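Overview (structure and organization)
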Amino acid sequence: MRILVSNDDGIQSPGLLALAAAAEAFGTVRVAAPDSEQSAMGHAITVDRPLLVHPARVGRAEGIRVNGTPADCVALGLYHGQGADLVLSGINLGSNLGHEIWYSGTVAAARQAALLGVRAAAFSLIGAESGAADFTPSIPYVEKVIRLLVEQPALNLPPEPKGIVWTRQSVRAYQGRVILGQDPYGRTHYWLTAAPLSEPEEGTDRWAAERGLVSVTPLSMDLTDGALWRAAMVDASALGFEAIEGEGG
Ligand code: MN
């Protein structure tokens, strides 16, 4: 099995090293990662400048570093390695729960692989933002998911896992808060933050994470609102649109 490992924290991240090492037991591992941190880049791709590729080594794995986004790295990693059977992204330094899935470069790397027809999973270690994370307790769960990989799971690992559960994405509402500060030159700067407006829903990724459980969420590529789509098929004329019958929802 040919496995490509990527991330959004960059080629130097200890999480990338841990994931590449864990993947070795399952096949030939190559890496393709950003040469600088690209967290919260989402699924951005670079279209306004050329991308540069340099050889890189992560532990025993060879590969490339790219001056681009996580999605760029996966596209170029699959191109340079003549494809892969599996793409693994992470282990991210920090969670990718609920709304964070939308911003995450880690998840986007896995999604880019899925868009290119390659099975993929994203791994994130909760509370590891500082970079001083201990990946050891998570590795058995990482190995379990690689072994059981189905669809495109997004995996969130508590620091001390107590078990592993299937979850759905938490979609609770947030109050976006912008916090103002001042830099040493007297310029106003801004931090984007978010505060939840409710408790996490039972059975969701956040709910599992709060209980110390490894959260595995299968993600879909189809963003269509199924209920609204079906309603539109019944009464499309109300909006003056034409209904086109087909699979979906
Ligand atoms: Mn990150």
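Check the entry above for the structure.
Residues numbered from 1 in each chain as written. Predicted model: local features only at pLDDT ≥ 70, side-chain atom pairs only at ≥ 80, totals over all residues. Heavy atoms only, no water.

To continue, consider the overall build of the chain. Counting its regular elements, the chain contains 7 helices and 11 strands. Relative to the compact-globule value of 18 Å for 249 residues, the chain shows a C-alpha radius of gyration of 19 Å, a close match. Expressed along its principal axes, the backbone C-alpha trace of the chain runs to roughly 60 × 50 × 45 Å. Taking contacts inside the chain between residues at least 6 apart in sequence as the whole, the part at least 24 apart equals 70%. Accessible surface for the chain amounts to roughly 13,300 Å². Of this, 55% is attributable to carbon and sulfur atoms. (Helix = DSSP H or I, 4+ residues; strand = E, 2+ residues; numbered from the N terminus. Rg over C-alpha atoms; globule rule 2.2 N^0.38 Å. Contact = heavy atoms within 4.5 Å. Areas by Shrake-Rupley, 256 points an atom, 1.4 Å probe, with all protein chains shown as cover.)

At 2.1 to 2.2 Å from the manganese ion lie its protein donor atoms, namely D8 (OD), D9 (OD), S39 (OG) and N92 (OD1). Between the donor residues of the manganese ion, the gaps in sequence give the motif D-D-x29-S-x52-N. Of this pair, D8 sits in the loop between β1 (2-6) and α1 (14-23) while S39 sits in the loop between β2 (28-34) and β3 (53-58), and the two are 31 residues apart along the sequence. D8 gets classed as buried once you look at its relative accessible area, which sits at 2%. (Donors = N, O, S within 2.8 Å, 3.2 Å for Na, K, Ca; no water. Buried < 20%, exposed > 50% of the residue type's maximum accessible area, 1.4 Å probe, protein only.)

Next up on the list: the nonpolar core. Soluble globular proteins: nonpolar side chains tend toward being buried together. Counting 34 residues, the largest nonpolar core has V5, L88, I91, F123, V142 and L157 as its most contacted members. For this core, the leading source of residues is α1, giving 6 residues. Dropping the residues within four chain positions of it, I91 is found in contact with D9, G15, L16, A18, L19, F123, S124, L125, F135, I139, V142 and L157. In terms of nonpolar packing, the next biggest core, distinct from the first, is built from 19 residues, L4, I101, V118 and A122 among them. (Core = buried A, V, L, I, M, F, W, Y, C linked by side-chain atoms within 4.5 Å.)

Glancing now at α1. Residue pairs three or four apart in sequence face the same way in an α-helix, which turns once every 3.6 residues. Within α1, 7 of the 10 residues are buried, which leaves the element mostly enclosed by the surrounding structure. Looking at α1, one finds that the buried residues are G15, L16, A18, L19, A20, A22 and A23.

Before going further, it helps to spend a moment on the pairing of β2. Within β2, 5 of the 7 residues are buried, which leaves it mostly tucked inside the rest of the structure. Taken together, the 4 bridges between β1 and β2 define a ladder with parallel strand orientation. Within β2, the position partnered with L4 by the bridge is R30. With 5 bridges connecting them, β2 and strand β4 (residues 61-66) associate as parallel partners. Considered in β4, the bridge of A32 is made with I64. (Pairing = 2+ DSSP bridges.)

What is shown is where atoms sit, not what they do.
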